[in-house]
Each structure stands twice: as structure tokens, then as C-alpha cells.
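Okay, here's what each chain looks like letter by letter:
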Amino acid sequence: MLTRPQLDALTATGCEIDCSNLTRQLFATDASIYQIEPGGVAFPRTAAQAGALFRAAADAGIPITPRGSGSGLTGGALGDGLIVDLARHNRQITNLNLDRGTVQVGAGVVLDQLNQFLQPHGRQFGPDVATSSRATLGGMIANNSSGARVPAFGCTGDHVVALEAVLADGRVVNLAPETTALAAVEKQIQHWVAVNREEILARMPAEILKRWPGYGLDRCLREPQAALRHILAGSEGTLAGIVSAELKIVPIPKDKGLAIIFFASVAEAMQATVALLDLQPAAIEHVDRILFDQTRGQAPFAAARALLDLDHQPCEAFLIVEFYGDSAARLEEVARRRLGLRTTLLAKE
């Protein structure tokens with residue numbers, strides 16, 4: 001629990017602070033297996049208010065944990081000090097620039113909300129996490145989220161053009177290509193990365209496309225002039241709180257193809273995954289019998305089971321392989337290779 005002097009210092013910033021038992025219990029969990037009850041929860045409305053809150057918390061000795069939707073699996077949204085919910089009031093989508101391929105979003109914009117906004121313009125945000133109906137862009141940046149189509153679109157950190165962030169001392173900084181905010185810090189990061197180049201490459205091989213949360217040292221090697229943005233993307237709120245961001249957007253793929261390949265064993269499916277990489281799929285998803293047997297007899301899955309013919313042609317696993325661009329030729333090649341027990345090919349008409 002926060003002490004009375006600590007609570008007074010926080011409320012003096014004008015930020016909404018909730019220390020009720022119900023709110024603290026609600027924010028004591030996220031999508032992880034952990035549970036940590038915070039002392040209170042804050043809901044800043046603006047970057048300036050968040051800055052004042054961070055400064056007051058630092059002066060009062062209160063640890064801060066920035067939070068988005070709490071959909072992460074590693075407990076990064078939990079803490080025993082002050083949870084700062086940067087998502088509730090920062091949900092604006094602005095400055096859509098189709099020529100540049102960018103859009104400005106508040107930290108609380110949900111991925112599905114952004115893609116619904118972009119869809120009439122034939123655009124989307126590339127990384128597509130499974131929790132898209134609730135994952136916020138601020139949290140996706142903090143976690144460097146990716147999704148199933150990382151071979152086609154990379155991770156969230158690859159799409160960050162600029163960041164509005166609040167530092168631990170309350171400073172609000174705008175990190176963009178044309179600004180010089182924290183230039184000395186950026187040069188220091190560039191130096192560290194250059195000195196440790198070989199170890200970074202060894203520990204973060206380019207072949208591993210689906211990145212884990214953590215400081216984006218490998219991206220700093222590729223794009224040292226954006227070192228600060230790359231360090232923040234994946235830092236899980238340990239370095240700053242993200243208020244808003246300018247993001248790259250991509251055209252919605254028009255030429256799509258899907259190959260569903262059925263196998264007699266999980267091991268065979270795993271081996272086939274490697275054999276398909278030369279076709280440069282946008283995504284490969286593995287589903288085993290333990291999972292799809294749970295859909296047996298369930299009405300919402302009846303059509304999918306009929307399409308896959310799971311009841312009449314049993315298998316132990318199947319791969320869903322998606323292609324963008326030149327999909328007809330790629331699907332033909334999949335069929336020619338005769339992988340697994342059988343193959344179902346689907347093309348977008």
C-alpha cells in the first residue's frame with residue numbers, strides 16, 4: 001500500500017490515482033501465471049501529466065510499472081509499486097500519411113481498432129499478434145510483439161518511426177529521425193553496440209526472426225541512427241513509458257494463397273516446415289491432434305472440420321502455410337512436393 005505522503009504527492013500531479021482494493025486486485029494479474037498486488041494504479045491523460053506523475057513517484061521512492069492491456073505472458077505489466085495505465089486515455093489515431101506510409105497512434109490504441117481505421121485505405125499494421133482484439137500499440141512496442149506473419153512483416157520494433165516517451169525523471173522526449181533528443185545517450189548506445197558487435201550477432205542470429213522482449217541491440221547494429229527507438233522497443237517499460245508513436249503501415253496483401261498439409265506425425269510436420277522455407281511463406285502455423293480434437297462435436301468448428309475432412313481422413317498434425325504474392329505458383333510447388341499425407345490448396349479469388 002502507498003503511504004499517505006506518497007499518495008498526496010501523486011494526487012498533487014492532477015492524475016487520477018485509484019488505490020481501491022478492487023482496482024488493485026484487477027491490476028494484480030495479467031495474462032501471465034503471476035500475481036503481484038500493486039500499491040495503486042494511475043491513469044494519466046496526457047504526456048505532461050504522465051511526466052509529472054513519474055517525477056513525483058521518483059521523488060517519493062515509488063517504483064513504476066507502465067502497463068498497456070496486460071496481454072503479455074511474462075508478467076511485465078505487474079509490480080508492487082504504482083501501475084501506470086498509459087492505455088485508458090491515449091487512444092487517438094491521427095496524422096495518417098499514405099504517401100509516407102505512416103500513422104500516429106496513442107499508446108492505448110488497440111491493434112484491431114487501428115486496422116479497422118486503415119482498412120478503407122488498403123493499409124494495415126504489419127505485425128499481427130493473436131491478441132489483436134485487446135493488445136495496445138504501446139504494449140506491442142514495449143514487448144516488440146510479432147505475430148504469425150513475422151517472416152513477411154517482422155516485429156513491432158521494425159515499424160517504429162518515432163516515439164513520444166516519458167523517462168524515469170519525468171522528462172517527456174520525442175524520439176524521431178529529425179530530432180536530437182538525448183543525442184549523447186544515443187551516441188553512447190551506438191558505441192556500446194559497436195564494441196560488442198560480434199557477441200550481439202552471436203547471441204541474436206539474424207535467422208531467428210521471431211524476437212523475444214529485450215533491448216533491440218541487433219536492430220541497433222542494422223540502424224544505429226535509430227538506436228534509442230530500437231532500445232525502447234522491447235524494453236518492457238524498464239527504460240521509459242510510451243505515450244504515443246508514429247508507425248509504419250503496409251499495403252494489405254491482395255494476392256494470397258493457403259496450403260494446408262496433413263501429416264502422420266508431429267515430427268514429420270516439423271521437418272516439412274524446414275523444407276518449405278525456400279518458398280518464403282508469410283506464415284506457417286502448426287496444429288496437432290491434441291488441439292484440433294478439442295473441436296470435435298462443437299458447432300462453431302463444424303465448417304472448419306468439414307473443410308479439413310478431419311473426421312474421415314485422420315492425421316496427427318497439419319501445417320497451415322500462407323503465401324503473399326505469386327501465390328498460384330507457390331501453391332503449385334507445394335503440391336508438386338507431395339509432403340505429408342495429403343494437401344488442401346486454397347487461393348483468394
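So, here is what we can say about the structure in this document. Just so it is clear, the model here is predicted, and its values are computed rather than measured.

Cut-offs and rules
- Residues numbered from 1 in each chain as written.
- Predicted model: local features only at pLDDT ≥ 70, side-chain atom pairs only at ≥ 80, totals over all residues.
- Heavy atoms only, no water.
- Helix = DSSP H or I, 4+ residues; strand = E, 2+ residues; numbered from the N terminus.
- Contact = heavy atoms within 4.5 Å.
- Areas by Shrake-Rupley, 256 points an atom, 1.4 Å probe, with all protein chains shown as cover.
- Lys, Arg positive; Asp, Glu negative; His and termini not counted.
- Charge placed at Lys NZ, Arg CZ, Asp CG, Glu CD.
- Polar contact = N/O pair within 3.5 Å; in protein donor to acceptor, adjacent residues only side chain to side chain.
- Buried < 20%, exposed > 50% of the residue type's maximum accessible area, 1.4 Å probe, protein only.
- Arc of directions from axis to C-beta.
- Expected span 1.5 Å × (residues − 1).
- Core = buried A, V, L, I, M, F, W, Y, C linked by side-chain atoms within 4.5 Å.
- Axes fitted to C-alpha atoms, helices over the stretch in contact; angles between N-to-C directions.
- Parallel < 35°, antiparallel > 145°, perpendicular 65-115°, else oblique.
- Left-handed = near helix turned anticlockwise from the far one by under 90°.
- Nonpolar A, V, L, I, M, F, W, Y, C, P; charged D, E, K, R; others polar.
- Phe/Tyr/Trp six-rings, centres within 6.5 Å; stacked < 30°, edge-to-face > 60°.
- Pairing = 2+ DSSP bridges.

## Examining the overall build of the protein
1) Next: Summing up its helical and strand segments, the protein has 14 helices and 15 strands in all.
2) Next: Along the three orthogonal principal directions, the C-alpha set of the protein runs to about 70 × 45 × 40 Å.
3) Next: Considering only residue pairs separated by 6 or more positions, the protein has 66% of its internal contacts joining residues 24 or more positions apart.
4) Next: For the protein, the exposed surface amounts to about 17,400 Å²; the carbon and sulfur share of it is 54%.
5) Next: Here the protein contributes 32 positive and 37 negative side-chain charges, whose respective centroids are spaced 2 Å apart.

## Describing the environment of Ser32
1) Next: Along the chain, Ser32 turns up in the loop between α2 (21-26) and β2 (40-43).
2) Next: Along the primary structure Ser32 and Ser71 are separated by 39 residues, whereas in three dimensions their C-alpha atoms are 7.9 Å apart.
3) Next: Among the polar contacts made by the side chain of Ser32, one reaches the side chain of Asp30 at a distance of 2.5 Å.
4) Next: Here Tyr34 takes part through its backbone nitrogen, which lies 3.2 Å from a polar atom of the side chain of Ser32.

## So, helix α4 (residues 111-118)
1) Next: Of all the residues in α4, the buried ones are Leu111, Leu114 and Leu118. Along the axis of α4, the buried residues cluster in a sector spanning 65°; they form a single face.
2) Next: Looking at the packing, one finds that the buried side of α4 touches β5 (93-97), β6 (102-106), β7 (123-124) and α5 (137-143).

## Brief notes about helix α7 (residues 183-195)
1) Next: The end-to-end C-alpha separation of α7 is 18 Å, in line with the 18 Å expected for 13 residues at 1.5 Å each.
2) Next: Residues of α7 that are buried in the fold lie against α8 (197-203), α9 (217-222) and α10 (227-232).

## Concerning the side chain of Ser235
1) Next: By the element assignment, Ser235 lies in the loop between α10 and β10 (240-248).
2) Next: You can call Ser235 buried: its relative accessible area is 5%.
3) Next: At a separation of 2.7 Å, a polar atom in the side chain of Ser235 contacts the main-chain carbonyl oxygen of Leu232.
4) Next: Sequence-distant contacts of Ser235, that is, excluding residues within four places in its chain, are made with Ala142, Gly214 and Tyr215.

## Quick look at the side chain of Ser327
1) Next: With respect to the helices and strands, Ser327 occurs in helix α14 (residues 327-337).
2) Next: By relative accessible area, Ser327 is classed as buried at 4%.
3) Next: If near-sequence neighbours (up to four positions away) are discounted, Ser327 is found in contact with Asp255, Lys256 and Gly257.

## So, the nonpolar core
1) Next: Ranked by size, the top nonpolar core spans 36 residues in total, and within it Leu114, Leu137, Ile141, Leu163 and Leu247 carry the most contacts.
2) Next: When neighbours within four sequence positions are excluded, Leu114 is seen to be in contact with Ile93, Val103, Val105, Val109, Phe125 and Leu137.
3) Next: Membership of the second largest hydrophobic core comes to 18 residues, among which are Leu2, Ile62, Leu82 and Leu86.

## Examining the packing of helix α1 (residues 4-11) against helix α3 (residues 47-60)
1) Next: One can describe the packing of α1 onto α3 by two numbers: an axis separation of 9 Å at closest approach and a directional angle of 160°. In terms of orientation, α1 and α3 fall into the roughly antiparallel class. α3 is crossed by α1, and the crossing has right-handed handedness. Where α1 abuts α3, its residues Gln6, Ala9 and Leu10 lie against Leu53, Ala56, Ala57 and Ala60.
2) Next: Classifying every residue of the contact of α1 with α3 gives six nonpolar, one polar and no charged.

## A short note on the packing of aromatic side chains
The geometry of an aromatic ring pair comes down to the distance between the two centres and the angle between the two planes.
1) Next: Overall, the coordinates contain four aromatic pairs when judged by the stated rule.
2) Next: Ring plane angle 45° and centroid distance 6.0 Å describe the contact between Phe153 and Tyr324, whose orientation is recorded as tilted. Of this pair, Phe153 sits in helix α6 (residues 150-153) while Tyr324 is found in strand β14 (residues 317-324), placing the two residues 171 residues apart along the sequence. Just as Phe153 is buried, Tyr324 falls in that class too.

## With respect to the environment of Gln280
1) Next: As for its placement among the helices and strands, Gln280 is situated in the loop between α11 (266-276) and β13 (283-288).
2) Next: Setting aside its immediate chain neighbours within four residues, Gln280 contacts Phe323 and Arg330.

## Considerations on unusual backbone geometry
1) Next: With phi around 55°, Glu236 is a residue other than glycine that occupies positive phi space.
2) Next: The topology assignment puts Glu236 in the loop between α10 and β10.
3) Next: Of the residues examined, Glu236 reaches a relative accessible area of 27% and is grouped as partly exposed.
4) Next: Of note, Asp309 is a non-glycine position whose phi angle comes to about 55°, a positive value.

## Notes on the sheet that holds strand β8 (residues 160-167)
1) Next: With antiparallel pairing, five strands are arranged side by side in an open sheet as β5-β6-β10-β8-β9. Every interior strand has two partners, whereas the edge strands, β5 and β9 (172-175), have only one. Ignoring strand direction, the axes of neighbouring strands in this sheet form an average angle of 15°.
2) Next: Running over the sheet, α4 touches β5 and β6 and is turned about 45° from β5.

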